[in-house]
Amino acid sequence: MVIGFSCFIPFLTYHSDYILEPLYRNTFGLASLISLRSLKKNLSRNAIAIAALTVAISLYLSLDIAINSFRNTVEDWLSASLFADIYISTPKQVSHRNHLTLNNKVIEFTKTFQTEDIIGISEYHLRDVIGEYGSTRVASINSLPIVKNSFTFKESTKDIWSKFDKGEGLIASAPYAYKHKIKCNDKVKLQTDKGLQTFTILGIFSDYSSDQGLLMMHQDLYRSLWEDPNLSSLGIFLKESTETELEKPKKNKIHLLTNQKSSPKLDKIKTYIEAYKTEAAKESLSPTFFDIRSNKELLKESLEIFDRTFRVTSALKIIAVIVAAFGIFSALLSLIIEREKEFALLK
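Only a predicted model underlies this, so the values are computations on that prediction, with no experimental measurement involved.

K.L.:
Just checking my understanding: could you explain the side chain of Ser-210 for this structure?
P.N.:
With respect to the helices, strands and loops of the structure, Ser-210 is situated in the loop between strand S7 (195-205) and strand S8 (215-218). Given the relative accessible area of 9%, Ser-210 is considered buried. Separated by 3.5 Å, the side chain of Ser-210 and the backbone nitrogen of Gln-212 make a polar contact.

Shown next, in the form of structure tokens:
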């Protein structure tokens, strides 16, 4: 489209004087018509300069719109995915390939360290297994209502969560489904500790964590097929200042916390984290065993990584403008040299 419009520039430039001539004459006088007619007279050079500027502007705007749109989509997805208030994971888990598991002492301590503000703990485990498509990332979760509310499905079967809780199937991330051309009710095979098993895909959910994608199953189904009681992370849910319902969705609530410097909820999160670290130290649990962060911190770190990843596109936008500027400068310089005798006559 950009190339086609650029090729159309000479035609628009040639016929622009019919539209602009009355405007120039009435606004700037007859002398201004010299510049307008020279635009048409030197079409071979002016059209190239205008086309170069047009391409540069379109490239700049298209990159800016695409990146900002993608960033907003990722931010909305993160806001929905970071459903818990506090996350406890292995220290400095920055790569999706880093499938470390929490120390058992940390898990036991977290479950016993109860305060009046805690209303639930989500459990999450991620590992690689062998499937019909090769190495496959499989995640297991326990079934909390608020966890279910954080998923955005592109397609799903009827009563998906009821079937999921009963272990009747799995849910697949959109990248996994796209990569392997999987739809709802399709079958996938995974190698488990009890042999090769076939699972039904109950739904496909939006996910931007990796291009490899993953399959997700209920924790009870996972532990019945693999002898693996480990966990990758824990999510702590705290009471709201005005509500205590675990079933209430938290979608987009993280935006409010991110924009606030202080609130009753943020104060509860900070208090819990400080108390957790203090009591963990008393139990001889070193910070090297775990990493505890609020959803606000995770969102901030994730968006910083996103911005660093796409920082190179800022350089591309600047380069596009510089190249266009050189093209325009070269065209104008050639035009001036070409018309030296004409300028001398006008003097």
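K.L.:
Is there a simple way to think about the environment of Asp-117 in this case?
P.N.:
Tracing the sequence through the fold places Asp-117 in the loop between helix H4 (104-112) and strand S2 (118-131). Assessed through its relative accessible area of 22%, Asp-117 is described here as partly exposed. When near neighbours in sequence (up to four residues on either side) are disregarded, Asp-117 contacts Phe-237, Leu-238, Lys-239 and Lys-268.

K.L.:
Teacher, can you tell me more about the confidence of the model for the chain here?
P.N.:
Parts of the model with low pLDDT should not have their predicted coordinates read in detail. With 82% of its residues at a pLDDT of at least 70, the chain reaches an overall mean of 79. Within the model, the stretch residues 93-98 combines pLDDT values under 50 with nine contacts to residues more than four positions away or in other chains. Here residues 241-258 is a poorly scored stretch, pLDDT under 50, and it has 40 contacts once near neighbours within four places are set aside; other chains count.

K.L.:
Can you help me understand the packing of aromatic side chains in this one?
P.N.:
Inspection of the entire model under this criterion finds 17 aromatic pairs. Ring centres 6.4 Å apart and planes at 80° place the aromatic pair Tyr-133 and Tyr-176 in the edge-to-face group. One end of the pair, Tyr-133, is in the loop between S2 and strand S3 (134-141); the other, Tyr-176, is in helix H7 (residues 174-180), and 43 residues separate them in sequence. Tyr-133 gets classed as partly exposed once you look at its relative accessible area, which sits at 35%. On the basis of relative accessibility, which here comes to 3%, the residue Tyr-176 falls in the buried class. Clustering of aromatic rings is evident, with ring pairs tying together Phe-109, Phe-113, Tyr-272, Tyr-276 and Phe-290.

K.L.:
In this structure, what is going on with the pattern of salt bridges? I would like to understand it.
P.N.:
Two side chains with opposite charge may pair up if their charged atoms get near one another. Taken as a whole and assessed by the stated rule, the structure comprises seven salt bridges. Note that Glu-75 is salt-bridged to Arg-71, the shortest N-O span being 3.6 Å. Highlighted residues: Glu-75 and Arg-71, both in helix H3 (residues 43-81), separated by four residues, approximately one helical turn. Given the relative accessible area of 22%, Arg-71 is considered partly exposed. We note a salt bridge from Arg-71 to Asp-307, for which the minimum N-O separation is 2.9 Å. Of this pair, Arg-71 sits in helix H3 while Asp-307 sits in helix H11 (residues 295-309), placing them 236 residues apart in sequence. Residue class for Asp-307 comes out partly exposed when judged on its relative accessible area of 31%.

Cut-offs applied
Residues numbered from 1 in each chain as written. Predicted model: local features only at pLDDT ≥ 70, side-chain atom pairs only at ≥ 80, totals over all residues. Heavy atoms only, no water. Helix = DSSP H or I, 4+ residues; strand = E, 2+ residues; numbered from the N terminus. Buried < 20%, exposed > 50% of the residue type's maximum accessible area, 1.4 Å probe, protein only. Polar contact = N/O pair within 3.5 Å; in protein donor to acceptor, adjacent residues only side chain to side chain. Contact = heavy atoms within 4.5 Å. pLDDT = per-residue confidence, 0-100. Phe/Tyr/Trp six-rings, centres within 6.5 Å; stacked < 30°, edge-to-face > 60°. Salt bridge = Lys/Arg side-chain N within 4 Å of Asp/Glu carboxyl O.

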